[in-house]
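Each chain is listed here by its residues.
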Amino acid sequence: ILLCIALGGAVEHHYESPFDKGIGGAIGFPGKVPHPGAGVRRRRRRHNITIIIPVLNEEPILDALVEELLSALETRDFSWKVLFVDDGSSDGSLGRLREIHAADTRFTLISLSRNFGKEIAVAAGLRYVGGDCAVVMDGDLQHPPEAITTYKTPDPTIASSTNKSPPTKKTH
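Rules used throughout
- Residues numbered from 1 in each chain as written.
- Predicted model: local features only at pLDDT ≥ 70, side-chain atom pairs only at ≥ 80, totals over all residues.
- Heavy atoms only, no water.
- Buried < 20%, exposed > 50% of the residue type's maximum accessible area, 1.4 Å probe, protein only.
- Helix = DSSP H or I, 4+ residues; strand = E, 2+ residues; numbered from the N terminus.
- Contact = heavy atoms within 4.5 Å.
- Phe/Tyr/Trp six-rings, centres within 6.5 Å; stacked < 30°, edge-to-face > 60°.
- Core = buried A, V, L, I, M, F, W, Y, C linked by side-chain atoms within 4.5 Å.
- Pairing = 2+ DSSP bridges.
- Right-handed = clockwise from strand over helix to strand, strands pointing away.

> Give me the lowdown on helix 3 (residues 118-127), citing residues and values where you can.
Of the positions making up helix 3, those classed as buried are A121, V122, A124, G125 and R127. Against strand 3 (48-55), strand 4 (79-86), strand 5 (107-112) and strand 6 (133-136) lie the buried residues of helix 3.

> Could you give an account of the packing of aromatic side chains, with specific residues and numbers?
Evaluation of the coordinates by the stated rule reveals two aromatic pairs. Seen from their ring centres, W80 and F107 are 5.6 Å apart, and the 70° between their planes marks the pair as edge-to-face. Linking W80 in strand 4 with F107 in strand 5, this pair joins segments that are 27 residues apart in sequence. With a relative accessible area of 2%, F107 lands in the buried category.

> Could you give an account of the nonpolar core, with specific residues and numbers?
Judged by nonpolar contacts, the single largest core of 23 residues is most densely connected at I51, I53, L65, L69, V82, F84 and F107. Among the elements of the structure, strand 3, helix 1 (59-73), strand 4, helix 2 (93-103), strand 5 and strand 6 are those that each provide at least two residues to this core. For this core, the element with the most residues is helix 1, which contributes five residues.

> An account of unusual backbone geometry is requested, with residue identities and associated values reported.
Phi at N57 takes a positive value of approximately 55°, unusual for a residue other than glycine. Secondary-structure assignment places N57 in the loop between strand 3 and helix 1. On the accessibility criterion, N57 (35% relative accessible area) is partly exposed. Look at L141: it is not a glycine, yet its phi comes out positive at around 65°. Along the chain, the position of L141 falls in the loop between strand 6 and strand 7 (158-161).

> Describe the pairing of strand 3, with residues and values.
Of all eight residues in strand 3, seven are buried, a share of seventy percent or more. In the sheet, strand 3 pairs with strand 4 via eight bridges, with the strands oriented parallel. Note on strand 4: the bridge partner recorded for I52 is L83. Between strand 3 and its parallel partner strand 4, the chain crosses via helix 1, and the hand of that crossover is right-handed. Across four bridges, the pairing between strand 3 and strand 6 is parallel. Residue pairing in the sheet places T50 in a bridge with A134 of strand 6.

> Pulling in residues and values, what's your account of the environment of E58?
When you line up the elements, E58 lands in the loop between strand 3 and helix 1. Here E58 falls in the buried class, since its relative accessible area comes to 16%. Taking the C-alpha atoms as reference, E58 lies 9.7 Å from S90; in sequence the two are 32 residues apart. Apart from residues no more than four positions distant in its own chain, E58 is found in contact with D91, S93, G139 and D140.

Take a look at the structure:
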C-alpha cells in the first residue's frame, strides 16, 4: 500500500528514540539529524511532500526507481524530497544511494547499522520527515510513483493506494 500521511506543519519531537543512539547515520543532513520542522517558522507557498522509501538489497532497481520518481514528480506544483532508508543492505544499495544523493540532493538517505525490518526503517524515516505530507512507498516499484501525484493537497486524512498488480488468489 502506498500511504500518504498529512503532517500538519512543523513538529518538534521531545522524546529519545533508538535513532538518537547512533544505530545508523544520515546523508544529506548536516551533523546530528535534527527534525526539519523543529524551531522553524515557514511561510507556506506550496505543499512540501517527503517520500519515504525503505530499501533492503534493491541495488538492481534503484536507477529505474529514481528515473520513475523524477518523471512523476519533476513538473508538479509541489516541492518534494525523497528519503531513502537503507535497512542494512548487504548488496551495493548503500553505495548507489550515496551516488544518487551526490547527483541530486533532493534524494537523501538514512543508513541503519543493520537490518531492523521494514517497520523500523519506516519509523526512522517518519522520525526525520518534514513538510506537509509524508508518502511511504516500497522501493521495488510495486507502487507506481505517479500515484503520488494523485494527492491534490495534503489534508488531515490518511489516504492509500494499492499496488500496480493485485495479489493473486490462491485456489485450494
